[in-house]
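Residue strings, one per chain:
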Amino acid sequence: MLYKTLEEMFIKDGRCNFISITGGGGKTTLLSLFGQYLKNTGRSVLLTTTTKVQAPRYHDYLADHVFQSEASILSYEVEKGSMVFYAEKNSLDVKKAFAPRPEILDVLADRFDCILCEADGSRGLPMKIHSSRDPVIHPKTTSVIAVMGAGALLGKICYVVFGDEGETFVDEKYLKGYFDNPEAVLKGMDGYEGAVLVNAAEDMDDKGYALFSSISIPYPIIFCSEKKDEIYARI
């Protein structure tokens, strides 16, 4: 089970487990479903962002409570076995919810057992080359999970990699460069516990796995399905 594995890797009782989620191809799904799993273990869980995410009126985060102002979240009495969504409302863009002030997240880190934080944006694409502004890793972070979508493999770069207008394809050579690139999938992970999830890997074949044969990084790469809560391989 994917979420049981992530719990064993990154969740330690007696502290706030602040997990920043970066990359593309499944960040929001991981936020909601891993949060739901942790809630069902009896922990208090906060879903939030350091950038911006879909507003809760446009996306179901599976949360028990939704807050969009500092006053409302700070007055909430945290409950074990409950999951809360909190990000700020902005009248200029009603379809998005925006990052709380870092100082507010500092306070909330002392109240919740687990904070899952979407720390990146990729406009729905399964891979990403970062700009100088992202990802936004909060100082309270204890672990970083970087996500990429298996659907990008062998796809045309300009269609599947946010921030890259290349006209060739995501083949073995490109993938090795992607993992070696300091602005790509591993950005923000240095100094933290971490893992790379290759999401939606249920249909990957031997050719897909072979693309990763030259990848060597100091983090596990987990081939999985977030929606099915399954792991297919790990390197």
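Residues numbered from 1 in each chain as written. Predicted model: local features only at pLDDT ≥ 70, side-chain atom pairs only at ≥ 80, totals over all residues. Heavy atoms only, no water.

K.L.:
Quick question: what am I supposed to make of the packing of helix α1 (residues 2-10) against helix α2 (residues 27-40) here?
P.N.:
How two helices pack is summed up by the angle between their axes together with the distance between the axes. In contact at an axis separation of 10 Å, α1 and α2 are set at 75° when each is read in the N-to-C sense. Relative to α2, the element α1 is oriented roughly perpendicular. Of the residues in α2, those in contact with Tyr 3, Lys 4, Leu 6 and Glu 7 of α1 are Leu 30, Leu 33, Phe 34, Tyr 37 and Leu 38. Across the contact of α1 with α2, the residue classes break down as seven nonpolar, no polar and two charged. (Axes fitted to C-alpha atoms, helices over the stretch in contact; angles between N-to-C directions. Helix = DSSP H or I, 4+ residues; strand = E, 2+ residues; numbered from the N terminus. Parallel < 35°, antiparallel > 145°, perpendicular 65-115°, else oblique. Contact = heavy atoms within 4.5 Å. Nonpolar A, V, L, I, M, F, W, Y, C, P; charged D, E, K, R; others polar.)

K.L.:
Any chance you could explain the pairing of strand β5 (residues 83-86) here in plain terms?
P.N.:
Remember that side chains alternate between the two faces of the sheet whenever the strand is regular. Because side chains alternate across β5, one face comprises the buried residues Met 83 and Phe 85, and the other comprises Val 84 and Tyr 86, equally buried. Bridging between strand β2 (residues 45-49) and β5 involves three bridges; their strand directions are parallel. Along β5, the bridge assignment pairs Leu 47 with Phe 85. Sheet topology note: the strand β4 (residues 65-67)/β5 ladder contains three bridges and is parallel. Across the sheet, the residue bridging to His 65 is Val 84, located in β5. (Buried < 20%, exposed > 50% of the residue type's maximum accessible area, 1.4 Å probe, protein only. Pairing = 2+ DSSP bridges.)

K.L.:
When you look at the nonpolar core in this model, what are you seeing that I'm missing?
P.N.:
Within soluble globular proteins, side chains that are nonpolar generally end up buried alongside one another. The biggest cluster of nonpolar side chains holds 31 residues, and the ones touching the most others in it are Leu 175, Tyr 178, Phe 179 and Phe 212. Elements with a minimum of two residues in this core: β10 (143-149), α5 (157-160), α6 (172-180), β12 (193-199) and β13 (221-225). Ranked by residues supplied to this core, first place goes to α6 with four residues. Core analysis: the second largest hydrophobic core is formed by 29 residues, Ile 11, Ile 19, Leu 38 and Leu 197 among them. (Core = buried A, V, L, I, M, F, W, Y, C linked by side-chain atoms within 4.5 Å.)

K.L.:
What should I look at first to understand α2 in this one?
P.N.:
Quick reminder: α-helices carry 3.6 residues per turn. Residues three or four places apart thus point the same way. Look at α2: 20 Å from first C-alpha to last across 14 residues, which is about the 20 Å you get at 1.5 Å a residue. Among the 14 residues in α2, ten count as buried, and that is most of the element. Once α2 ends, the next one or two residues include Gly 42, with phi positive near 95°. (Expected span 1.5 Å × (residues − 1).)

K.L.:
Before we go on, may I ask you to explain the state of the cysteines in this structure?
P.N.:
Two cysteines whose sulfur atoms are joined by a covalent bond form what is called a disulfide. Counted according to the given criterion, the structure contains zero disulfides. In this structure Cys 224 is a free cysteine whose sulfur lies 19 Å from that of Cys 114, the closest cysteine sulfur available. In this structure Cys 224 comes out as buried when scored by relative accessible area, which is 0%. (Disulfide = S-S within 2.5 Å.)

K.L.:
Whenever I open this one, the packing of aromatic side chains confuses me. Can you help?
P.N.:
Given two aromatic rings, one states the distance between the centres and the angle between the planes to describe the pair. For the structure shown, the criterion picks out ten aromatic pairs. Seen in terms of ring centroids, Tyr 3 and Phe 34 are 5.8 Å apart; in terms of plane orientation they differ by 20°. Their pairing is stacked. Taken together, the positions of Tyr 3 in helix α1 and Phe 34 in helix α2 put the pair 31 residues apart, joining distant regions of the chain. Relative accessible area serves as the criterion here: at 3%, Tyr 3 is assigned to the buried category. Among the aromatic residues, those joined into a ring-pair cluster are Tyr 174, Tyr 178, Phe 179, Tyr 209, Phe 212 and Phe 223. (Phe/Tyr/Trp six-rings, centres within 6.5 Å; stacked < 30°, edge-to-face > 60°.)

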